[in-house]
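Spelled out from the first residue to the last, the chains are:
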Amino acid sequence: MEHRIGIMLLFVSWVMLSSPVVEAAEPAIRVGLADAAQVLSIQSSDSFFLRLASGKRFHISGRVTIRMQGAGLLLNDRPVADSHLWVEGSAGTYQVRVETKRETSPPSNSGPEWVVRGPLEIQSNPSGLALINWIDLEEYVAGVVSGEVGAKWPLEALKAQAVAARTYVLYKKIENQLQSFDVVAGVQDQVYHGHSVRAESVLQAVAATRGQVVTYENRPIFAAYSSTAAGPTEDALYVWALDLPYLKGVDCPFDEQAPRYDWRASFSFDFLEQQLVKEGYDVGKIATFTPYTFTPSGRVDRVRLLHSRGEIILRGQDLRRVVGYSKIFSTQFSIESLGQEVVVVGHGAGHAVGMCQWGMREMAELGYDYQSIIRHYYPHTILLPLDRVLLTAAD
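Residues numbered from 1 in each chain as written. Predicted model: local features only at pLDDT ≥ 70, side-chain atom pairs only at ≥ 80, totals over all residues. Heavy atoms only, no water.

1. Notes on unusual backbone geometry
Our working definition: Only DSSP runs of H or I covering at least 4 residues are called helices, and only runs of E covering at least 2 are called strands; the numbering of each starts at the N terminus.
Of note, the bond from glycine 118 into proline 119 is cis; its omega dihedral lies within 30 degrees of zero at 0°. Locating proline 119 in the fold gives a position in the loop between strand S12 (113–116) and strand S13 (120–125). The phi angle at asparagine 76 is positive, at roughly 50°, despite the residue not being glycine. Even without a glycine there, the phi angle at alanine 352 is positive, about 70°. As for its position among the elements, alanine 352 is in the loop between strand S24 (342–347) and strand S25 (355–356).

In structure tokens:
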């Protein structure tokens, strides 16, 4: 039996919906590419299949556009009752366009686009469509190294990044096993570039460290890293309230060439008030704000804001989030002046916990190998092959 949905859809036999088939040689990683898409456009140069929760399986030649409609979905404007499906079967890559606004067909070019290998999982939720890419571990690691650092960085730095990326995602896979995805594809976790063209240096770094994981008590560590420490790295206790022996902070005199080793930013009190209101704070007219307490590494732990309705004590990390990570690059800052605008001067970029990427780069340039870099930034840890790592939560 055939159905027309703008392109040919061939109904095949009933199949129970289950996890996609992936090679058993390494863990499959579930990467969240979107969680509130209004329109998804998926195409491949090869034919592929849609497998619905009801068991129906459709053959696609070309492109399919997917939207929500009530409790079900629209596949190229044809309604189906299912709210959960898989995209699978292509031997090549999928080109995926995500539209986060409610647009008419075809979707506009304003949303993010991905080139990925399948399979893909799509679920509808109250805010939109969730898009999840299932991918082998080492394929994922290559996509992260490509997204996080430059392919022309020293090979030992790329190896250290590969090991950290692999370790981080395995930690998150354990932590999020009851969630619909292990990690998201952006800075909230690790910048993942999909299956875009990978430089030979990146592939070499991933292959040379294949399966190597940073462990503590035989389990993957929370392998945090950020761009530029600009001084000692930070204790995870002051960022995420995590008391971890391998994330206590170490000296990092290696990143002075980083582009954001020093920075300066400004914003108005009006802007700060608007952002605080958006975040749900009951704030009046702000009169002033000052750093209030500091972490042992010298970063701002708390800031105190005086306003017409009282005061707000805000974590330094929350101030960064409220004002914008692209304005306040780190919590290692001071107030230069308060007037029509707040002028902030600071050092470093990111939360500064764990490995410093620009420090990693300079260590590699100085001749350190990736194992030494890992030992420096993650003390008290052991590098183990994947088959000796416990991929279960600690008791």
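2. A closer look at the pairing of S13
So the rule is basically this: When DSSP finds two or more bridges between two strands, those strands count as paired.
Sheet topology places strand S10 (residues 84–88) next to S13; four bridges connect them, and they run antiparallel. Note that in S13 the partner of valine 87 across the bridge is leucine 120. Adjacent in sequence and paired antiparallel, S13 and strand S14 (residues 128–136) are bridged by two residues.

3. Focus on the layout of surface pockets
Which entries qualify depends on this criterion: Of the grid points, spaced at 1 Å and generated over the protein atoms alone, those admitting a 1.4 Å probe that cannot get out make up cavities, while open sets with protein on both sides within 12 Å along at least five of seven lines make up pockets; any residue with an atom within 4 Å of a point is treated as lining. Grid points are joined across faces, edges and corners, and a volume is the space filled by probe spheres set on the points. Asp, Glu, Lys and Arg are counted as charged, while Ala, Val, Leu, Ile, Met, Phe, Trp, Tyr, Cys and Pro are counted as nonpolar; the rest, among them Gly, fall into the polar class.
One number sums up the size of the largest pocket: a volume of about 1,000 Å³. Those elements that provide at least two residues to the lining of the largest pocket are helix H2 (155–175), strand S18 (225–226), helix H4 (237–240), helix H6 (316–323) and helix H7 (357–365). Of the residues assigned to the lining of the largest pocket, the class counts are 15 nonpolar, nine polar and eight charged.

4. Here's the deal with the pairing of strand S6 (residues 57–60)
So the rule is basically this: Classification of residues uses two cut-offs on accessible area relative to the type maximum, computed with a 1.4 Å probe and protein chains only: under 20% is buried, over 50% is exposed, and between them is partly exposed.
Only one face of S6 is covered, namely the face carrying Phe58 and Ile60; the face carrying Arg57 and His59 is uncovered. Examined bridge by bridge, strand S5 (residues 48–52) and S6 share four bridges and lie antiparallel to one another. Among the inter-strand pairings, leucine 50 is bridged to a residue of S6, identified as phenylalanine 58. Hairpin remark: S5 followed by S6, antiparallel, with four residues in the connecting loop; positive phi at glycine 55, about 105°.

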